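Listed here are the chains, written in short residue letters.
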Amino acid sequence: MTTDTEVKMGSAPTSNLTEHGQDLTPQQDGGVHKVIKRPGDSGETPMIGDKVYVHYTGRLLNGKKFDSSHDRGEPFTFNLGIGQMIKAWDLAVASMSKGEVCEITCKPEYTYGVSWNPPKIPPNSTLVFEIELINFKGEQLTEDGGIVRRIKQKGEGYASPNEGAVVDVHLEGSCAGHVFDSRDLRFIVGEAEDHDIPLGVDRAMKRMEKGECCLLYLSPRYGFGTEGHSHFGIGPNADLIYEVLLKEFVKVKNTWDMTMVEKLELAVAAKQKGTQYFKAGKYIQAVIQYQKIVPCLEIEENHSEEHQASVKALVLSSLLNLAMCHLRLQEYSHAVEKCNKQVIEVDNSNEKALYRRGKAWLQMNEFYLAKSDFERVLEINTENKAAQAQISICLQKIREHHEREKQTYANMFQKFADQDAKVGKRKPPREDGAVKRRRRSKENL
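Residues numbered from 1 in each chain as written. Predicted model: local features only at pLDDT ≥ 70, side-chain atom pairs only at ≥ 80, totals over all residues. Heavy atoms only, no water.

1. Comments concerning the packing of aromatic side chains
Moving on, step 1. Taken as a whole and assessed by the stated rule, the structure comprises 13 aromatic pairs.
Moving on, step 2. Arranged with centres 5.6 Å apart and planes meeting at 90°, the rings of W89 and F129 form a pair that is edge-to-face. Of this pair, W89 sits in helix α2 (residues 87-94) while F129 sits in strand β7 (residues 127-137); the two residues are 40 residues apart in sequence, bridging distant segments of the chain. F129 matches W89 in its accessibility class, with the two residues each being buried.
Moving on, step 3. For the ring pair F278 and Y283, a centre distance of 5.2 Å and an interplane angle of 65° mean the geometry is edge-to-face. (Phe/Tyr/Trp six-rings, centres within 6.5 Å; stacked < 30°, edge-to-face > 60°. Helix = DSSP H or I, 4+ residues; strand = E, 2+ residues; numbered from the N terminus. Buried < 20%, exposed > 50% of the residue type's maximum accessible area, 1.4 Å probe, protein only.)

Written out as structure tokens, the structure reads:
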């Protein structure tokens with residue numbers, strides 16, 4: 001560890017640090033003192049959980065630098081207010097606006113304390129950081145970025161609602177600056193659609209804590225989609241913002257704590273609810289329900305003869321229904337996955353699974369695989385006219401594919417021929433030795 005004899009540990013003067021600037025500590029104990037060196041470009045500041053991008057330089061009170069993101073040539077990123085950084089940084093960055101540069105002077109209890117410190121920093125040191133807030137953005141709760149959360153008020157503890165939990169919330173929905181929904185209500189996680197609550201709010205519940213208040217930014221896929229919501233006056237493909245306060249929740253029993261009878265009851269209820277959503281065209285909500293069934297029943301290894309038939313029927317139907325939902329959602333690889341699980345592991349002669357997998361292959365332009373599945377369907381049921389029609393479509397697609405390939409190669413060869421012809425025109429004809437000697441003799445006459 002590098003030490004600095006110029007710093008008297010624990011004796012850093014603080015009286016001259018509060019003459020200007022701002023004390024950021026909740027207790028106003030002078031532990032984090034901020035001075036703005038360059039104002040930011042807006043009044044908006046980061047919220048808890050936001051991903052922030054900063055440049056910084058850290059120094060001891062004597063001016064000696066111990067760390068800097070500038071030396072590494074790229075900004076430093078972290079999620080604000082969740083314990084990833086020292087307390088001083090969480091307080092300081094939460095007070096900054098984009099583009100702002102500030103200097104904070106931090107007592108050891110807000111940095112690394114007395115007992116622990118990284119290399120180059122003596123124990124019990126007061127530290128000075130210059131921080132530039134380059135950018136910040138909310139936490140993405142989905143891979144596609146369709147649900148973004150920004151936490152206004154952190155919740156209590158670490159528990160969150162699970163699928164099927166009963167939640168009490170206050171919510172306020174807005175679109176283009178207009179508030180269209182504001183209410184207190186109770187609903188079941190996974191069934192928010194029944195209360196005109198968009199999918200994005202329902203999915204975010206599983207990430208919230210009791211007492212948490214957050215803003216949710218929802219893309220149309222997680223809002224009211226292409227149809228909009230006439231009652232709320234929301235048009236198609238609208239982006240929504242919801243402010244949600246989770247006041248209370250009661251978790252449901254985990255499936256591993258359930259009896260076999262309870263699991264079967266849960267699976268039957270999920271199937272019924274999923275079918276209800278499917279018929280209403282709410283395919284993502286249907287997927288949520290059908291996905292409860294297989295994990296719930298598969299973890300039970302030893303089924304009694306009494307329950308064995310019910311378990312098998314529920315697993316098969318849920319996988320088939322999931323495949324159909326994924327087809328409607330144009331998630332063809334997921335449809336293939338569900339059918340594979342059904343065809344290979346459970347029933348390799350299932351007509352519906354083979355047909356739905358064939359439909360997925362066809363949409364993925366895997367014409368030969370699709371044709372093979374439809375032919376297998378006809379082996380099982382020679383009267384399946386839908387499979388016969390699909391084979392005709394496959395054959396037509398294969399012919400079209402061959403024609404496109406043929407034309408592509410023809411165009412490619414013609415392009416090469418045209419290039420060769422151009423090169424030939426630009427190149428002067430090569431003279432042999434006799435021609436050159438006759439030309440030189442004429443020039444000498």
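2. Details of the packing of helix α9 (residues 351-363) against helix α10 (residues 367-380)
Moving on, step 1. Where α9 meets α10, the axes come as close as 8 Å, and the angle between the chain directions of the two elements is 160°. Accordingly, the angle class assigned to the pair α9 and α10 is roughly antiparallel. Helix-helix and strand crossings are classified by hand; for α9 and α10 the assignment is left-handed. Along its contact with α9, which presents E351, L354, Y355, R357, G358, K359, W361 and L362, the element α10 presents F367, L369, A370, D373, F374, R376, V377 and I380.
Moving on, step 2. Partitioned by chemical class, the residues of the contact of α9 with α10 number ten nonpolar, one polar and five charged. (Axes fitted to C-alpha atoms, helices over the stretch in contact; angles between N-to-C directions. Parallel < 35°, antiparallel > 145°, perpendicular 65-115°, else oblique. Left-handed = near helix turned anticlockwise from the far one by under 90°. Contact = heavy atoms within 4.5 Å. Nonpolar A, V, L, I, M, F, W, Y, C, P; charged D, E, K, R; others polar.)

3. Some details on the environment of Q289
Moving on, step 1. Tracing the backbone through its elements, the reader meets Q289 in helix α5 (residues 283-290).
Moving on, step 2. In this structure Q289 comes out as buried when scored by relative accessible area, which is 1%.
Moving on, step 3. Taking the C-alpha atoms as reference, Q289 lies 9.8 Å from G164; in sequence the two are 125 residues apart.
Moving on, step 4. Here Q289 is in contact with G190, E191, A270, K273, G274 and Y277, once residues within four sequence places are set aside.

4. Thoughts on α2
Moving on, step 1. If you check which residues of α2 are buried, you get A88, W89, D90, A92 and V93.
Moving on, step 2. Buried residues along α2 sit in contact with β2 (32-38), β3 (51-60), β5 (76-79), β6 (101-106) and β7.

5. Regarding the sheet that holds strand β12 (residues 213-218)
Moving on, step 1. Strand order in the open sheet formed by six strands is β8-β9-β12-β13-β10-β11, and the pairing between neighbours is antiparallel. Whereas interior strands pair on both sides, the edge strands pair on one side only; in this sheet they are β8 (139-140) and β11 (178-188).
Moving on, step 2. Sheet topology note: the strand β10 (residues 166-175)/strand β13 (residues 240-250) ladder contains nine bridges and is antiparallel. Of the residues in β13, the one forming a bridge with V169 is L246. (Pairing = 2+ DSSP bridges.)

6. Here's the deal with empty space enclosed by the protein
Moving on, step 1. Evaluation of the coordinates by the stated rule reveals one cavity of 30 Å³ or more.
Moving on, step 2. The volume enclosed by the largest cavity comes to roughly 30 Å³.
Moving on, step 3. Together, G190, E191, A192, E193, I197, P198, L199, D202 and Q285 line the largest cavity.
Moving on, step 4. Taken together, the residues of the lining of the largest cavity sort by class into four nonpolar, two polar and three charged. (1 Å grid on protein atoms, 1.4 Å probe; cavity = no way out; pocket = protein on both sides within 12 Å on 5 of 7 lines; lining within 4 Å. Points joined across faces, edges and corners; volume = space filled by probe spheres on them.)

7. What about the side chain of S69?
Moving on, step 1. Mapped onto the secondary structure, S69 falls in helix α1 (residues 69-72).
Moving on, step 2. Under the relative-accessibility criterion, S69 is labelled buried at 0%.
Moving on, step 3. Separated by 2.9 Å, the side chain of S69 and the backbone nitrogen of Y56 make a polar contact.
Moving on, step 4. Sequence-distant contacts of S69, defined by excluding residues within four places in its chain, comprise V54, H55, Y56, E74 and F76. (Polar contact = N/O pair within 3.5 Å; in protein donor to acceptor, adjacent residues only side chain to side chain.)

8. Digging into the packing of helix α4 (residues 260-279) against α5
Moving on, step 1. Running from N to C, α4 and α5 point in directions that differ by 170°, and their axes come no closer than 8 Å. Taken together, the axis directions place α4 and α5 in an arrangement best described as roughly antiparallel. Along the contact surface, α4 presents A270, K271, K273, G274, T275, Y277 and F278, while α5 presents Y283, Q285, A286, Q289 and Y290.
Moving on, step 2. Broken down by class, the residue content of the contact of α4 with α5 amounts to six nonpolar, four polar and two charged.

9. What about the nonpolar core?
Moving on, step 1. Among the nonpolar cores identified, the biggest contains 34 residues, and V169, M205, L216, L240, Y242 and V244 are the most heavily contacted of them.
Moving on, step 2. For this core, the secondary structure elements donating two or more residues are β9 (147-153), β10, β11, α3 (199-204), β12, β13 and α5.
Moving on, step 3. Here this core gets five residues from one element, more than from any other, and that element is β13.
Moving on, step 4. Every residue in contact with Y242, bar those within four places of it in the chain, is listed here: L171, E172, G173, F180, D181, P198, V201, C214, L215, L216, L218 and F224.
Moving on, step 5. Counting 25 residues, the second largest nonpolar core, distinct from the first, contains I86, W89, C102 and I131. (Core = buried A, V, L, I, M, F, W, Y, C linked by side-chain atoms within 4.5 Å.)

10. Remarks on the pairing of β6
Moving on, step 1. Burial runs high along β6: five of the six residues are buried.
Moving on, step 2. Sheet topology places β2 next to β6; six bridges connect them, and they run antiparallel. Paired with V32 across the bridge in β6 is C106.
Moving on, step 3. Note that β6 and β7 share six bridges and pair antiparallel. Paired with T105 across the two strands is V128, which belongs to β7.

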